[in-house]
Amino acid sequence: MNSVASSGGVRVPTAASVARREGWLRRLPLLPAFVYVVLITQIPFLLTIYYSFFNWNLLKPGSFKFAGLDNYARLLTDESIRTAVLNTVILTFCVIAISVVLGLAVATLLNSEVFGKGLMRTLMIAPFLIMPTAGALIWKDTLLNPLFGLLPNLLSPFGLGRVDWVNRFPMATVIAVEVWRWTPFMMLIILAGLQSQNPEVLEAARVDGATALQAFRRITLPLVRPFLELGALLGSLFVVQTFDSIYMLTYGGPGEDTTNVPFLLYIVAFQGFSIGQASAIGVVAVILTTIVATFALRTLFSIFQVEARR
Amino acid sequence: MSAKVVTGPRHFPTSKVLWTVVGWLVVFVFFFPVLWMWLESLKTEPQAASSPPTILFVPTLEEFQQVLSGDFPPFFINSAIASVGSTLLVLILGLPAAYALAIRPVKRTQDVLFFFISTRFLPFAASLVPLYLLARDLQLLDNIFALSLIYTTINLPLGVWLLRSFLLEIPPELFEAARVDGASFGTEIMRIVVPLIAPGIAATSLICLIFSWNEFFYAVNFTSSTAATAPIFLVGFISGRGLFYAKLAAAATLASLPVLLAGWIAQKQLIRGLTMGAVK
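Residues numbered from 1 in each chain as written. Chains lettered and ligands numbered in written order. Predicted model: local features only at pLDDT ≥ 70, side-chain atom pairs only at ≥ 80, totals over all residues. Heavy atoms only, no water.

### Focus: the pattern of salt bridges
All names here are of chain B.
Step number 1: Within this structure, the stated rule accounts for nine salt bridges over all chains.
Step number 2: Between Arg104 and Glu188 there is a salt bridge, with the nearest N and O atoms lying 3.5 Å from each other. Of this pair, Arg104 sits in the loop between α5 (72-102) and α6 (109-120) while Glu188 sits in helix α10 (residues 185-196), and the two are 84 residues apart along the sequence. Both residues of the pair, Arg104 and Glu188, count as buried.
Step number 3: It is possible to trace a salt-bridge network through shared partners that takes in Arg104, Arg179 and Glu188. (Salt bridge = Lys/Arg side-chain N within 4 Å of Asp/Glu carboxyl O. Helix = DSSP H or I, 4+ residues; strand = E, 2+ residues; numbered from the N terminus. Buried < 20%, exposed > 50% of the residue type's maximum accessible area, 1.4 Å probe, protein only.)

The following block contains the structure:
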């Protein structure tokens, strides 16, 4: 653990060996974390690819047989996977779009001259902090249940009572609960962007006769754009993996109406115990996510670099 | 604030009042489910599932007592072990790694950073099946320490990014001075890094706590009874049709409490943590 400087003068090492030693000394602190991540994420992924070429059901002993591309062929013809991919796209897109717009609106409110900003922000972030399984249950049972829930009781004077929201509009319900959870996340990021704005610029615009809307579109919006992008990209990487609220609210149903890719994987792997088939879904999920995430992460990276230069 | 109110309506533009009212309405809508959860938890069972809903009632802690004296505590303790354990591991592995990516950076730092973050957003489908089989063969299913190890993987990439963003803010002269004095790597970490990035360690711990305490997917698939965590306890209420609403609300309140409190106390760290250090 001696530093490089103290060992330099003793053995008169060559320049190359010093550089190599220096390189390893620099790498050493990184290695434990690096090796850990490789062991638990990368090697299992290689195994996932391997298993995806086998027909293997855990409930049938001795069923481990090479199957070639059978699992992939089944994916192409199977309607479940297409539904799941489509549901994943719909869910992610709707949740992110709605929560970014709502988050921007709430952040703008909290950035304006209002009373009790601090407390408003504190209460506003609660939905994001509440355990997702707990939040989903509270929505499903105590708020939306057609017989005992609060909402159907409040809405019955308007002729909307006793509507079974979760079963009649399953996807909309999942989206609503996820929007409730992710709007605070967007709001926090966008609010930080708004607060980095110099109020004098807005004041100057107002003096020059710009309306509030003009000032917002021409000055504020370009300034918070990187924050909107950051929120949308980070958020979509999380929302793509939505599992908790689907499990709690609809269990993927009715039918497969709210089954997304993570939930389908859960059903195939842990209810059907089809290891080969689940692995093939895993590989496809990785390929699809990689396409989206490479774009998303590269954009994120450039945002981070802009931030770093400030 | 109150001083302004007394000075008269001149400092009290109607637009401010209007936006305050609108703002509070919006906040109320978002906060209401949480408030309702708390209200339900303080009712008796018949009050919690009455139609029309009970608004006025005498609060009781009966359901909290029931939940706490029942089978809930082991689930809560498991959540605590998994969260604290994985947070510690993230700090132990993440601090040196962040150091190697910020203070004396390795070559291709950008690539390494990209690699770390890409593992965080790799779908769990990628490694789920082999990890499950490995845990099964090693008799590590339903083992809370195995679950902590998985949570460490989830949180380590975020931790490395976050800690690095704090390390970059330490003036490099401090490290040069320490090196001139012949300080070892360990001394540098303990004497310079840890004291100076205490807020960074707090932010990292908060994010680790949030993600591992609330985690459900691995918990539901890798544990069954002895290692089951707080969200698994809530699954037991999934088919409640008007039964046990008060108990459900009390359990949900207790299960959500640690993250809610930590997030509220450390609001400043929350934004920076969630954006992996990008937004300060």
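There's more to say after this.
### A short note on the interface of chain B and chain A
It is common to report an interface's size as the accessible area lost on association of the parts.
Step number 1: Listed as interface residues are 98 residues of chain B and, on the opposing side, 93 residues of chain A.
Step number 2: The contact between chain B and chain A buries some 9,200 Å² in all, and 79% of this surface belongs to carbon and sulfur atoms.
Step number 3: On the chain B side of the interface with chain A, the three residues burying the most area are Phe30, Phe114 and Phe121 of chain B, jointly 8% of the side's total.
Step number 4: Lys16 of chain B is paired through a salt bridge with Glu113 of chain A; the nearest N and O atoms lie 3.9 Å apart.
Step number 5: For the interface between chain B and chain A, the tally reads 16 residue pairs in polar contact (both at pLDDT 80 or more).
Step number 6: No other element matches the 16 residues that helix α2 (residues 14-41) of chain B contributes to the side of chain B that touches chain A.
Step number 7: When grouped by side-chain class, the residues that make up the side of chain B that touches chain A number 73 nonpolar, 19 polar and six charged. (Contact = heavy atoms within 4.5 Å. Buried area = accessible area lost by both parts, 1.4 Å probe. Polar contact = N/O pair within 3.5 Å; in protein donor to acceptor, adjacent residues only side chain to side chain. Nonpolar A, V, L, I, M, F, W, Y, C, P; charged D, E, K, R; others polar.)

### Side note on the confidence of the model for chain A
All names here are of chain A.
Step number 1: With 92% of its residues at a pLDDT of 70 or more, chain A shows a mean pLDDT of 84.
Step number 2: Averaged pLDDT values over the elements of chain A bottom out at 44 in helix α1 (residues 4-7) and peak at 95 in helix α7 (residues 126-129).
Step number 3: Contacts of residues 1-9 to residues separated by more than four positions or lying in other chains number seven contacts, the stretch itself having pLDDT below 50. (pLDDT = per-residue confidence, 0-100.)

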